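Examining the three-dimensional arrangement
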Amino acid sequence: MTKPVNDKIARTGVMLVLSSPSGAGKSTLSEMLLRDNPGLALSVSITTRQPREGEQDGVHYYFRTVEGFKASCDGGELLEWAEVFGNYYGTPAAPVAERVSQGKDILFDIDWQGAKQVHDKLGDDLVQVFILPPSHAALRQRLTGRGQDSAEIIDGRMAKAAAEISHWPDYDYVIVNDDLETAYRELSAILKAEQLKRKRRPGLAGFVKADLGA
Ligand code: 5GP
């Protein structure tokens with residue numbers, strides 16, 4: 001099959017940040033977007049938290065000791081870093097610049113502190129999307145998990161969620177994840193629109209001249 005003309009026009013990659021409180025469906029939406037967009041890769045963060053069941057080093061995170069993390073930080077390897085719920089998390093800088101210059105897209109699953117730092121460095125090149133849950137009750141239900149945690153633990157999770165939610169005004173786009181398929185269509189539309197932005201398509205002038213003679 002021949003490549004669509006659109007895909008042959010050189011562009012720079014989209015850098016997409018996805019933030020949300022835990023329980024708003026961010027991981028599911030990220031997985032769906034990565035599955036359907038082979039040109040999009042997840043920025044794999046380094047973290048000091050323990051791996052959860054099924055998590056692989058180098059795929060979901062690079063798992064580090066606190067000393068290892070600090071060495072990366074001091075060595076200037078990180079685009080941003082933050083402490084989230086008692087653990088350190090940071091974004092390695094090198095893969096980001098490399099992918100974007102190759103016209104490939106990158107997805108950051110980071111919290112508001114990280115998004116702010118990356119935005120301070122990269123400015124409006126960064127596209128920031130916030131995912132909100134549809135209601136307080138739905139969030140509580142999602143954070144209740146398997147029903148094995150005490151009301152106190154669940155209240156703690158709700159308080160953390162409320163703190164993250166308070167940063168929604170700093171984002172370019174806000175999606176309310178009421179229905180997963182609808183939220184996913186909205187997220188896909190944002191990625192597509194940002195890929196088509198003129199400023200990200202240095203190849204357009206050459207295409208118009210050579211192929212359209214205009
Ligand atoms: P989890 O431990 O559940 O995977 O992630 C906890 C929180 O840390 C999530 O909100 C996630 O988006 C955020 N996070 C993951 N990696 C990074 C990172 O590299 N930098 C920042 N600032 N936050 C991150």
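To be clear, the structure that these remarks concern was listed above.
Here goes a summary of the coordinates provided. (Residues numbered from 1 in each chain as written. Predicted model: local features only at pLDDT ≥ 70, side-chain atom pairs only at ≥ 80, totals over all residues. Heavy atoms only, no water.)

**Digging into the overall build of the protein chain**
Quick note on the threshold: Secondary structure elements follow DSSP: runs of H or I of four or more residues count as helices, runs of E of two or more count as strands, with numbering from the N terminus. Based on C-alpha atoms, the radius of gyration is set beside the globule rule, defined as 2.2 Å times the residue count to the power 0.38. Here a residue-residue contact requires only that any non-hydrogen atoms of the pair lie within 4.5 Å. Per-residue and other accessible areas follow the Shrake-Rupley method at a 1.4 Å probe size, with only the shown protein chains counted as cover for residues. None of His or the chain ends enter the tally, which takes Lys and Arg as positive and Asp and Glu as negative. The atom standing in for a charge is NZ when the residue is Lys, CZ when it is Arg, CG when it is Asp and CD when it is Glu.
Of regular secondary structure, the protein chain possesses 9 helices and 9 strands. Compactness check: the protein chain gives a C-alpha radius of gyration of 19 Å against a globular reference of 17 Å for 214 residues, within 12% of the reference. For the protein chain, the spread of C-alpha atoms along the principal axes amounts to about 70 × 40 × 35 Å. Restricting the contact set of the protein chain to residue pairs at least 6 apart, pairs at least 24 apart contribute 66%. Roughly 12200 Å² of accessible area belongs to the protein chain as shown, and the carbon and sulfur atoms make up 53% of that amount. Of note, the protein chain has its 26 positive side-chain charges centred 6 Å away from the centre of its 30 negative side-chain charges.

**Considering helix α5 (residues 112-122)**
Counted only if it meets this: Exposed residues in this analysis have more than 50% of their type's maximum accessible area, buried residues have under 20%, and partly exposed residues fall in between, with area computed by a 1.4 Å probe over protein chains only. Of all possible arcs, the one meant is that of the directions from the helix axis to the C-beta atoms.
Regarding α5, the residues found buried are G114, A115 and V118. For α5, the buried positions fall inside an angular range of 100° around the axis, keeping them on one side. Against the buried residues of α5 lie β1 (15-19), β5 (78-84) and β8 (126-132).

**Structural notes on helix α8 (residues 180-195)**
The condition is simple: The span you would expect from a helix comes to 1.5 Å times its residue count less one.
Between its first and last C-alpha, α8 extends 23 Å over 16 residues, near the 22 Å set by a 1.5 Å rise per residue. When we look at burial in α8, the residues that qualify are A183, Y184, L187, I190, L191, E194 and Q195. Buried residues of α8, seen end-on, are gathered within an arc of 135° and therefore sit on one face of the element. Taken together, the buried residues of α8 touch β1, α2 (26-36), β2 (40-42), β7 (105-109), β8 and β9 (173-176).

**Brief notes about the site of the ligand**
Condition: Note on terminology: near, applied to a residue and a molecule or strand, indicates that one of the residue's heavy atoms is within 4 Å of it. Here a polar contact means two N or O atoms within 3.5 Å. Within protein one must be a hydrogen donor candidate and the other an acceptor candidate, and residues neighboring in sequence count only if both atoms are side-chain atoms. Under this grouping Gly is polar, as are all residues other than the nonpolar Ala, Val, Leu, Ile, Met, Phe, Trp, Tyr, Cys and Pro and the charged Asp, Glu, Lys and Arg.
In the neighbourhood of the ligand, 15 residues make up the surrounding shell, with S45, R49, Y61, Y89 and D109 lying closest. For the ligand, an oxygen atom lies 2.7 Å from a polar atom in the side chain of S45. At 3.4 Å from an oxygen atom of the ligand is found a side-chain nitrogen or oxygen belonging to T91. If the ligand stood free it would expose 520 Å²; the protein chains cover 88% of that surface. Looking at the shell around the ligand, the elements with two or more residues in it are β5 and β6 (87-92). Among the residues making up the shell around the ligand, the classes are represented as 5 nonpolar, 4 polar and 6 charged.

**Here's the deal with the nonpolar core**
So the rule is basically this: Nine residue types can take part in a nonpolar core, namely buried Ala, Val, Leu, Ile, Met, Phe, Trp, Tyr and Cys, and a core is a set of them joined through side-chain atoms within 4.5 Å.
By size, the foremost hydrophobic cluster in this structure holds 18 residues, and its most contacted members are L16, L29, L33, V129, I131, I175 and L187. Every element with two or more residues in this core is listed here: β1, α2, β8 and α8. Among the elements that line this core, the one with the most residues is α8, at 5 residues. Discounting residues that sit within four places of it in the chain, V129 has contacts with L16, V17, L18, S19, Y171, Y173, I175, L187 and I190. In terms of nonpolar packing, the next biggest core, distinct from the first, is built from 14 residues, V96, I106, F108 and I110 among them.

**Section: the environment of V17**
If you trace the backbone, V17 turns up in strand β1. Taking the C-alpha atoms as reference, V17 lies 15 Å from A82; in sequence the two are 65 residues apart. Once residues lying within four places of it in the same chain are set aside, the contact partners of V17 are F108, I110, A115, L126, V127, Q128, V129 and Y171.

**A short note on the packing of helix α6 (residues 136-143) against helix α7 (residues 151-165)**
To keep things clear, this is the line we draw: The axes are straight lines fitted to the C-alpha atoms, using for helices just the contacting stretch, and the angles between their N-to-C directions are given from 0 to 180°. Each angle receives one of four descriptions, namely roughly parallel if under 35 degrees, roughly antiparallel if over 145, roughly perpendicular if within 65 to 115, and oblique otherwise. Here is the rule for handedness: rotate from the far helix to the near one, and if that takes an anticlockwise turn smaller than a right angle the crossing is left-handed, while a clockwise turn gives right-handed.
Contact pair α6 / α7: the axes reach a minimum separation of 10 Å and the direction vectors enclose 125°. Here α6 is positioned oblique relative to α7, judged by the angle of their axes. Of the two elements, α6 crosses α7, and the hand of that crossing is right-handed. Across from H136, L139, R140 and L143 in α6, the residues of α7 making contact are A151, I154, D155, R157, M158, A161 and I165.

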